[in-house]
Amino acid sequence: NGRQGEWGGSRRSQEGRMVRSAVKVAVRSRPTASFAHSELVVRPEAKSIDVNVRKNPTMGVVNNMRENYTFKFDAIMHNSSQDTVYNECVSEIVQNVVSGYNGSVLVYGQTGAGKTYTMSGGQGNYKTRGCIPRAIQEIFTEVQKKPQQAFLVRLSYLEIYNETLYDLLAPGGVTPEMAEELLIIDDPKGGVHVKGLTVATANSEEEAMNLFFEGETNRAIAEHQLNASSSRSHCILTIHVESRSRVESADRVLSSKLNLVDLAGSERVSKTHSTGAILREAMYINKSLSFLEQCVNALTDRGRDHVPFRQSKLTHCLKDALGGNSKTTMIANIWGESAQLDETISTLSFAQRMMRVKTDASLNIKQEPAIMIKKYEMEIRELKQELAMHDALSGRNRVQYHEYNEEQKHEVRQKVLKYIDNEEENPLEILNVRHVTEVYKVFRAIAVDFKNNAAVARPGTQGGAGEG
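This one's a predicted model, so the numbers in the text were calculated from it and none came from an experiment.

Student: Can you lay out empty space enclosed by the protein for me, pointing to particular residues and giving the numbers?
Tutor: Going through the model one piece at a time under the given rule, you end up with three cavities of 30 Å³ or more. One number sums up the size of the largest cavity: a volume of about 50 Å³. Around the largest cavity, the lining residues are I160, Y161, N162, E163, R232, S233, H234, Y284, I285 and S288. If you list the elements that add at least two residues to the lining of the largest cavity, you get β9 (149–161) and α7 (276–299).

Rendered as C-alpha cells:
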C-alpha cells in the first residue's frame, strides 16, 4: 500500500513541505483478565491481529458466516502503558504542530474500550495521564527550547452532544442557549472553524491544564451496563499554536492547531440495556459514527467526488482531520473479550479502512498586515535616504522624492508655460520620475483647459457667422 518506515512515511515537496500522507492507525487493546486468546491472536512485532470466529451451531448446516480475519496496522499496542501509547502515536504529531503543521489525534472504538482513558488518562495518578496532558506538557517544553521565537498558545474545548454544539470553556458555563450561538463555518482555504467558540490563552502549562480540567468537569457522562462513566458526547480539544521569530522579520507567522478528539463509543443497546435519556444519547452517538464511516468510505472511493461532511456536526468539524490540511493519527481501542468480539471486528474493519485515507498537510504561514505595512514603510524611508545620498554625491541637490507642495507645483507650471511659449530655449530639465509626473499633470491641465475653452467658444463663433 506504499506505506514506508515504521509509521508509514509521507511524500514531501522539494522545499520540505508535506504534500500527502496516509492516516496512521494504531490499535490498543484494553487490559483484561478474560482476554480471548483463542479468538484474538495479537502479533505486535508483525503489526497484525488475527480474529477467529467460532461458527454458531444454531444457524444450521448452511452457514456462510466468515470465520477468519487478518488485520494489519501501523502499530499494535497490546497491554501498553500510557507513556508508550503517547510516544508511539502522538509525540511526532505534536512536534509537527510546533513546527507549523496541523495535527489530529482521534480515539475510536466501542463503549468501555478505554478511549477516554487513552485521551484524558486515569484520575489521581501522574503515570496514567493521557494523551492530552502529555501533549500540553510537550508543547510548552518545546516552547521553552526555542527562545528565539515568540509563541502564543490558546485552547478551545468543543462538545457535540445529541447533535448539538456546546462550549466547554464558556465563561458563563455550559447552557442550552449557547447551541444557537455556535456555528460551524467553512473558511476559504477549505478548513473549518466554530464561530462563537471560546479560545482561551494559556501562558504556561499550568494554565493550559486548568483549562483542560475545567472543560472535563463540564462533559456529559452517564452509567450503563458496560461502563460506569461512559462519555455521552464527542469532544474535541484544540490547541492553537502561533509562533514568530524574535530575531528575523516578525511578519511571517506560523499558525497551526492540534485536534485531540475523544469520540463517544458505539453501543449495542442489547448489551448496554440503555433506556430513556441514555438510549436517546446512544441513538445520536451511533448515528454520528455511522456518518463518520460514510465519509471515510467516500474518501477512499476513487469514483466518489462528493464527501458528505455536512451530514453531521461531527464529520463537519473533522473535515480537516479527514483528508484535509492535517497530519492525522487514529487510535482504535478494542476490548478483547469473547463477549465483545463482534464490536472488535467492527472496530478493526473501520480502522483498516481509515488507513486508506490520505491527508494534505502543509506549512501554515500567514502574514501580519500591520507588521507588513510597517516593514514596507521602513523600506521606503531607507530607499529615499539612499537616493538622497546618491543625489548628493552626484551634485543633484534639487531632486525631490516626496509629494510636491503647492509652491513647487506652481514653479513647475510656470516652467512648462514658458516652454510652451518658447521663452525657454533649452528643453525642460527632467530631474526624476516624480518630476516627470508633475510635468505631465501640468500638460494635462493645460490640454483640458484648452479643450473646454474651445468647446465654449465654438457655439458663439458659429452663431455669429450665421447672422452675417
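Student: Outline the pattern of salt bridges, supporting the account with residue identities and numerical values.
Tutor: Throughout the structure, instances matching the rule amount to 16 salt bridges. Salt-bridge contacts for R219 lead to D262; the nearest nitrogen and oxygen are separated by 3.1 Å. Taken as a pair, R219 in the loop between α5 (205–217) and β14 (221–224) and D262 in strand β17 (residues 252–262) lie far apart in primary sequence, 43 residues in all. As far as burial versus exposure is concerned, R219 and D262 are alike and both buried. Connected through shared salt-bridge partners, K24, E92 and K327 make up one network.

Student: Which residues make up the pairing of strand β3 (residues 24–29), and what values go with them?
Tutor: In terms of residue burial, β3 counts as a mostly covered element, since six of its six residues are buried. Burial along β3 is two-sided: the residues K24, A26 and R28 and V25, V27 and S29 are all buried. Where β3 lies against strand β18 (residues 327–334), six bridges are found, and the strand directions are parallel. Bridged to V25 within β18 is M330. Relative to strand β7 (residues 75–78), β3 runs parallel, the two being bridged by four bridges.

Student: Quick rundown of a nonpolar patch on the surface? Include the residues and the values.
Tutor: A cluster of nonpolar residues, Y419, I420 and F443, forms a patch on the protein surface that exposes about 240 Å² of accessible area. You can see Y419 is positioned in helix α11 (residues 406–420). Relative accessible area serves as the criterion here: at 36%, Y419 is assigned to the partly exposed category.

Student: Residues and numbers for the sheet that holds strand β5 (residues 48–52), please.
Tutor: Strands sit in the order β4-β5-β6 across an open sheet of three strands; the sheet is antiparallel. Pairing within the sheet leaves two strands with one partner each, and these edge strands are β4 (40–43) and β6 (68–72). The average undirected angle you get between the axes of adjacent strands in this sheet is 10°. In this structure, β4 lies alongside β5, joined through four bridges in antiparallel fashion. In the strand pairing of β5, L40 is matched with V51. In this fold helix α9 (residues 341–354) packs onto β4, β5 and β6, with an angle of close to 40° to the strand it touches most, β6.

Student: So, α7: which residues are in play, and what are the values?
Tutor: Since there are 3.6 residues in each turn of an α-helix, residues three or four apart along the chain are aligned in direction. With 24 residues, α7 extends 35 Å from end C-alpha to end C-alpha; this agrees with the ideal 34 Å at 1.5 Å per step. Turning to α7, its buried residues are E281, A282, I285, S288, L289, F291, L292, C295, V296 and A298.

Rules and cut-offs
- Residues numbered from 1 in each chain as written.
- Predicted model: local features only at pLDDT ≥ 70, side-chain atom pairs only at ≥ 80, totals over all residues.
- Heavy atoms only, no water.
- 1 Å grid on protein atoms, 1.4 Å probe; cavity = no way out; pocket = protein on both sides within 12 Å on 5 of 7 lines; lining within 4 Å.
- Points joined across faces, edges and corners; volume = space filled by probe spheres on them.
- Helix = DSSP H or I, 4+ residues; strand = E, 2+ residues; numbered from the N terminus.
- Salt bridge = Lys/Arg side-chain N within 4 Å of Asp/Glu carboxyl O.
- Buried < 20%, exposed > 50% of the residue type's maximum accessible area, 1.4 Å probe, protein only.
- Pairing = 2+ DSSP bridges.
- Patch = residues over 30% accessible without salt bridge, like charges linked within 9 Å, V, L, I, M, F, W, Y side chains within 5 Å.
- Areas by Shrake-Rupley, 256 points an atom, 1.4 Å probe, with all protein chains shown as cover.
- Axes fitted to C-alpha atoms, helices over the stretch in contact; angles between N-to-C directions.
- Contact = heavy atoms within 4.5 Å.
- Expected span 1.5 Å × (residues − 1).

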